[in-house]
Amino acid sequence: METMAIGRAINAGLRAAMDRDPRVLLMGEDIGALGGVFRVTDGLQKDFGEDRVIDTPLAEAGIVGTAIGMALRGYRPVCEMQFNGFVFPAFNQITTQLAKLRARSRGRLSVPVVLRIPSGGGIGSVEHHSESPEVLFAHTAGLRVVAPSTPHDAYWMVQQSIASADPVLFLEPERRYWQKGEVDTDLGPGQVTPLHRARVLRPGTDATLVAYGPTTQLALDAAAAAAQDGTELEVVDLRSISPLDVDTVAESVRRTGRLVTVSEAPTFHGPMAELAARIQESCFYSLEAPVKRVGGWHLPYPVARVEEHYLPSVDRVLDAVEQSLAA
Amino acid sequence: MTDTAVGPVRAHAQQPAPRRQEMVQLLDEHGVRHHDPEHDVDLSPAELRGLYREMVLMRRLDSEAEALQRKGQLGLWAGSRGQEASQVGAGRAVRRQDQLFPSYRDHGALLARGVDPLHVLSLFRGVDHGGWDPVEVGVHPYTLVIAAQMLPAVGYAMGVQRDGAVGTGDPDRDTAAIAFFGDGATSQGEAAEALNWASVFNAPVVFFCQNNQWAISEPVSRQSPVPLHRRAEGAGMPGVLVDGNDVLAVLSVVRSALDRARGGGGPTFVESFTFRMGAHTTSDDPTRYRLAAEVDAWREKDPIDRLRTYLTAEGELDEEFETALAAESEAFAVRLREGVPALQDPAPASMFDHAYAEPHPQVLAERDEFLAAWEQQDADAHAAAHGGTR
Ligand SMILES: Cc1ncc(C[n+]2csc(CCOP(=O)(O)OP(=O)(O)O)c2C)c(N)n1
């Protein structure tokens, strides 16, 4: 067991993947000498050289487009998008090329590209640094979208993503980069939770809270607060948005009878809408109350001084729980 | 679309402008004035002092903003120290009716345009996305997405064409757009599209590239194997290289590029060769990627020093002026220091105000939900303050 922050754990995971497989290479803006704006790739260029840790021109479509080409030549590129809002110049490459090449070639072509995207807000930044673009990509068939919330998952999930034969969007919880936790780096095959499996992080009986990425810690905080009032909330970390492990959530909901979802992404047409719909399909007779969703508003991400009112808070989560329990 | 709508757009033939390889310079780093047969300016001593004053105030804005950020009063600051001549020169070349499309570091151009610096700072404090009125001051909102302003600038210029405000010969009517961007921005696909598009449509737009040598940690050699102004060739427009630390040369070159655009001559690409003296932003650490020797070498080319040297040698900068400017600069700093903490946070519910121009039921419902929760919290806080519990 080692204690590290999430950013550091991703760095260690990248290093392990690069050590293991010489075809793994990193691409992005400022990821070399600077180590990335969040320092996630710190030290990697020094150790692996400029040909494997590539400082690219400032061109997101270029990064994704060339990574696709390299993947077609057998490399496993891991691209860093500097901030979430800057993935959009690459949107065309991601949705029309990266996601579709396998289907278009009837499985002949594989594009095992990983896109690391700092995701969500809460760092007091300027526009286009705080978006949660996951639903746009989750809705695009051909892509996998995952979001670790703990250092342990960050370390292992980045390696699993690189090992995946599919393109994976790896959403890093930007405001939790510095959050520390234990990482077990010695697990063998079969001991690591599969990439797309949700996980119960805290058992409870009165209602289920589901979250992923940056809001997982929030859900845990809310559960801790509710416990002081004698309400026992179960917390499930989705870990993957596409595919979605509905079974794990459904099992939990059958026990608790109630579901409250928490995401930073806007609720309107958001990722949790899909989960809510599926839970209503599969758990209709176990539900004691309608599924409640807490999330971002349907707005351009607001300026930093009011973002706390945009982001879900413990209070907003507890209010939703209260409404669920009252129903 | 009718033929008449397209008519005026096509009417202006592209005028091949001479290609220049060398860098236009009118005031060298020793403060010595040079003359250029093609690019020159004739400014009165008062006008020269005006440029000097604006650069001094711009540098003061930079140091005050940096200090405010350190004190936690600003979330972030993108400094522009070293780029004063580029921004003030280009900003001064723009006419009232022209529209400026900046990036996020072009504070000097905004000052030259009369934008209240507190409006710039309010963006970096996180109070708004820039408090100025883009229509009134002719400055598009700052954008944080690299190169994203370039295509809108071209489109604006195409609108100008369609309005018949090009090549009429009326200096108050003929209009141009100018896009500001960095060396890194030239790598974006959108930058290539913007250049090509502008050229194809002969749009009245000037591309003003401040090559400050670095895009965060990446040197310009990582953006382009050829000098940036030569990108213009491929797009079919003149590319001019200008000493970006020479306010006279920048003013002259940008002024003639804008004149050419307004007259119907089409777009020009200007590469202003300069240097960012400070960090990329207050969150950056340039010592990780840049040698002190490089910074020191550029310090010798300081844009403010050289104009001061020149004006002093000409006997046009007396102590009285310097003293008055120092006092003005101090008062300016005080206004910023006092003004920033006094900037009001927006009312939280105001974030719902401008998402859509017409009512959107989803957003209205969410605003009601937000307000109800907000009022409840207020009531709870009030109750708690008076001994009640929730
Ligand atoms: C599309 C996009 N990608 C990445 C970034 C992150 N980023 C912000 S500034 C910057 C460097 C910009 O360099 P340059 O264009 O030379 O302008 P400068 O900051 O030097 O004025 C980067 C990579 C961004 N803002 N937008």
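These numbers were taken from a predicted model, which means no experiment stands behind them.

1. Side note on the overall build of chain B
Helix and strand content of chain B: 14 helices and seven strands. Computed over its C-alpha atoms, the radius of gyration of chain B comes to 23 Å, within 12% of the 21 Å expected for a compact globule of 390 residues. Considering chain B as a whole, with its 390 residues, one finds that 53% of them fall into the buried category. In chain B, the share of contacts with a sequence separation of at least 24, taken over all contacts with a separation of at least 6, comes to 76%. Total accessible area computed for chain B in this model is approximately 16900 Å², and 52% of it derives from carbon and sulfur atoms. Separation of charge centres in chain B, based on 36 positive and 58 negative side chains, amounts to 3 Å.

2. Some points on the site of the ligand
Surveying the vicinity of the ligand reveals 21 residues, the closest of which are Glu-60 and Gln-82 of chain A together with Tyr-104, Arg-105 and Leu-144 of chain B. Residues near the ligand are shared among chains A and B, making this a multi-chain site. At 3.1 Å from a nitrogen atom of the ligand is found a side-chain nitrogen or oxygen belonging to Gln-82 of chain A. His-280 of chain B places a side-chain nitrogen or oxygen 3.4 Å from an oxygen atom of the ligand. The residue makeup of the shell around the ligand, split by class, is 10 nonpolar, six polar and five charged.

3. Quick look at the pairing of strand β11 (residues 233-237) of chain A
Looking down a regular strand, the side chains alternate between one sheet face and the other. Residue and element names in this part refer to chain A. A large share of β11 lies buried, amounting to five of its five residues. A two-sided burial pattern is seen for β11, the buried positions comprising Leu-233, Val-235 and Asp-237 on one face and Glu-234 and Val-236 on the other. Taken together, the three bridges between strand β9 (residues 199-202) and β11 define a ladder with antiparallel strand orientation. By the bridge assignment, Val-200 is partnered in β11 with Val-236. Read from strand β10 (residues 207-211) through helix α8 (residues 214-228) to β11, the crossover connection turns out right-handed.

4. Notes on the UniProt feature "domain: Dehydrogenase E1 component" (unreviewed entry) in chain B
Sites flagged by UniProt as "domain: Dehydrogenase E1 component" (unreviewed entry) map to residues 53-330 of chain B. The span residues 53-330 of chain B is 45% helical and 11% strand by assignment, and the distance between its end C-alpha atoms comes to 13 Å.

5. Topic: the pairing of strand β3 (residues 205-211) of chain B
All names here are of chain B. Where burial is concerned, most of β3 is hidden: seven out of the seven residues are buried. Burial of β3 is two-sided: the residues Val-205, Phe-207, Cys-209 and Asn-211 facing one way and the residues Val-206, Phe-208 and Gln-210 facing the other way are all buried. Relative to β3, strand β2 (residues 177-182) is paired through six bridges, and the arrangement is parallel. Within β3, the position partnered with Phe-181 by the bridge is Cys-209.

6. Brief notes about the environment of Leu-169 of chain A
Here Leu-169 of chain A lies in strand β7 (residues 168-173). Between the C-alpha atoms of Leu-169 of chain A and Ala-138 of chain A, which are 31 residues apart in sequence, the distance is 9.1 Å.

7. Describing the sheet that holds strand β7 (residues 268-273) of chain B
Residues and elements named next belong to chain B. An order of β1-β2-β3-β7-β6 is seen for the five strands of this open sheet, with the pairing classed as parallel. Two strands in the sheet have a free side with no partner beyond their single neighbour: β1 (99-101) and β6 (239-243). Shown here is a sheet whose adjacent strand axes are inclined to one another by a mean of 20 degrees, direction ignored. Where β1 meets β2, three bridges bridge the pair, whose relative direction is parallel. Counterpart to Gln-99 in the pairing with β2 is Ala-177.

8. Concerning the environment of His-30 of chain B
Positionally, His-30 of chain B belongs in the loop between α1 (3-11) and α2 (45-70). Along the chain, His-30 of chain B and Asp-246 of chain B lie 216 residues apart, while their C-alpha atoms are 11 Å from each other.

9. Some points on the pattern of salt bridges
All names here are of chain B. Counted under the stated rule, the structure contains 35 salt bridges over all chains. In this structure, Arg-60 and Glu-330 form a salt bridge, with 2.8 Å as the shortest nitrogen-oxygen distance. One end of the pair, Arg-60, is in helix α2; the other, Glu-330, is in helix α13 (residues 319-342), with 270 residues separating them in the sequence. For Arg-60, a relative accessible area of 18% puts it in the buried group. The class for Glu-330 is partly exposed, based on a relative accessible area of 36%. Notably, a salt bridge pairs Asp-98 with Arg-262, separated by 2.6 Å at the nearest N-O pair. With Asp-98 in the loop between α3 (84-93) and β1 and Arg-262 in helix α10 (residues 247-262), this residue pair connects regions lying 164 residues apart in the sequence. Of the two residues, Asp-98 and Arg-262, both sit in the buried class.

10. A look at the UniProt feature "domain: Transketolase-like pyrimidine-binding" (unreviewed entry) in chain A
UniProt tags residues 4-179 of chain A as "domain: Transketolase-like pyrimidine-binding" (unreviewed entry). Annotated as residues 4-179 of chain A, this span is 36% helix and 17% strand, and its ends, taken at the C-alpha atoms, are 8 Å apart.

11. A few points about the packing of helix α9 (residues 246-256) of chain A against helix α10 (residues 271-282) of chain A
All names here are of chain A. At a minimum axis separation of 10 Å, α9 and α10 run at an interaxial angle of 55 degrees. Here α10 runs oblique to α9, going by the angle between their axes. Read as a crossing pair, α9 and α10 show a hand that is right-handed. Where α9 abuts α10, its residues Val-246, Val-249, Ala-250, Val-253 and Arg-254 lie against Leu-275, Arg-278, Ile-279 and Ser-282. Classifying every residue of the contact of α9 with α10 gives six nonpolar, one polar and two charged.

Rules used in this analysis
- Residues numbered from 1 in each chain as written.
- Chains lettered and ligands numbered in written order.
- Predicted model: local features only at pLDDT ≥ 70, side-chain atom pairs only at ≥ 80, totals over all residues.
- Heavy atoms only, no water.
- Helix = DSSP H or I, 4+ residues; strand = E, 2+ residues; numbered from the N terminus.
- Rg over C-alpha atoms; globule rule 2.2 N^0.38 Å.
- Buried < 20%, exposed > 50% of the residue type's maximum accessible area, 1.4 Å probe, protein only.
- Contact = heavy atoms within 4.5 Å.
- Areas by Shrake-Rupley, 256 points an atom, 1.4 Å probe, with all protein chains shown as cover.
- Lys, Arg positive; Asp, Glu negative; His and termini not counted.
- Charge placed at Lys NZ, Arg CZ, Asp CG, Glu CD.
- Near = heavy atom within 4 Å.
- Polar contact = N/O pair within 3.5 Å; in protein donor to acceptor, adjacent residues only side chain to side chain.
- Nonpolar A, V, L, I, M, F, W, Y, C, P; charged D, E, K, R; others polar.
- Pairing = 2+ DSSP bridges.
- Right-handed = clockwise from strand over helix to strand, strands pointing away.
- UniProt positions renumbered as here; feature names shortened; annotations may be inferred.
- Axes fitted to C-alpha atoms, helices over the stretch in contact; angles between N-to-C directions.
- Salt bridge = Lys/Arg side-chain N within 4 Å of Asp/Glu carboxyl O.
- Parallel < 35°, antiparallel > 145°, perpendicular 65-115°, else oblique.
- Left-handed = near helix turned anticlockwise from the far one by under 90°.

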